[in-house]
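Residue-level structural notes
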Amino acid sequence: QVQLVESGGGLVQAGDSLRLSCVASGRSFGTRNMAWFRQAPGKEREFVARIMWSTSTNYADSVRGRFTISRDNAKNTVYLQMNSLTSEDTAVYYCTTGGSYSVGYDYWGQGTQVTVSS
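Here is a short report on the structure shown in this document. Bear in mind the structure is a predicted one, so any value in this text is a computation, not a measurement.

Describing the overall build of the chain
- Secondary structure summary: the chain contains zero helices and 11 strands in total.
- A principal-axis box enclosing the C-alpha atoms of the chain has dimensions of 40 × 25 × 25 Å.
- Each of the 118 residues in the chain was classed as buried or not, and the buried ones make up 43%.
- Summing over all exposed atoms, the chain offers an accessible surface of approximately 6,000 Å²; the carbon and sulfur share of this is 46%.

As structure tokens, then:
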């Protein structure tokens, strides 16, 4: 079982930056692919970014060039640096992972709210 705890959300103005953090419990963090999803009011949950155990990364088109995902295996933590925020980025952001070397997402955090005022 893996527990994920997100933090770093808040209320910011358009153009500002935020850094989200997600701390994972348990072992084998370095072998897990980690990802961020988000869900805006009235919309389905959508993929934001992923960092593989190998540290390769993928981004949604809507955030590429503005967001950066990274990880610190020594701290069991994955980060999402978000720059040039717009009102379209307002959502609850969720951290997720699966089993070692798995591409599935079996574990989810409780989410952290990001609100961008225009």
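Some words on the side chain of Thr96
- Topologically, Thr96 is positioned in strand β9 (residues 91-97).
- For Thr96, a relative accessible area of 0% translates into the label buried.
- Apart from residues lying up to four places away in sequence, Thr96 is in contact with Leu4, Asn33, Met34, Ala35, Phe37, Tyr105, Tyr107 and Trp108.

Some details on the nonpolar core
- Among the nonpolar cores identified, the biggest contains 28 residues, and Trp36, Leu80, Met82 and Tyr93 are the most heavily contacted of them.
- When residues of this core are assigned to their parent elements, the largest contribution, four residues, is made by strand β3 (residues 18-24).
- The contacts of Tyr93, once residues within four sequence positions are left out, are Glu6, Leu20, Trp36, Phe37, Arg38, Val48, Phe67, Leu80, Met82, Gly111, Thr112 and Val114.

Thoughts on the environment of Tyr101
- One can find Tyr101 in the loop between β9 and β10 (107-108).
- Note: C-alpha distance between Tyr101 and Thr31 (70 residues apart in sequence) is 5.6 Å.
- Once you skip the residues sitting within four places of it in the chain, Tyr101 turns out to touch Thr31, Asn33 and Trp53.

As for the state of the cysteines
- For the structure on display, the rule yields one disulfide.
- Here Cys22 pairs with Cys95 through a disulfide, and the sulfurs are 2.1 Å apart. Disulfide Cys22-Cys95: the torsion about the S-S bond is -80°, which places it as left-handed. With Cys22 in strand β3 and Cys95 in strand β9, this residue pair connects regions lying 73 residues apart in the sequence.
- The exposure class of Cys22 is buried, given its relative accessible area of 0%.

Definitions and limits used
Residues numbered from 1 in each chain as written. Predicted model: local features only at pLDDT ≥ 70, side-chain atom pairs only at ≥ 80, totals over all residues. Heavy atoms only, no water. Helix = DSSP H or I, 4+ residues; strand = E, 2+ residues; numbered from the N terminus. Buried < 20%, exposed > 50% of the residue type's maximum accessible area, 1.4 Å probe, protein only. Areas by Shrake-Rupley, 256 points an atom, 1.4 Å probe, with all protein chains shown as cover. Contact = heavy atoms within 4.5 Å. Core = buried A, V, L, I, M, F, W, Y, C linked by side-chain atoms within 4.5 Å. Disulfide = S-S within 2.5 Å.

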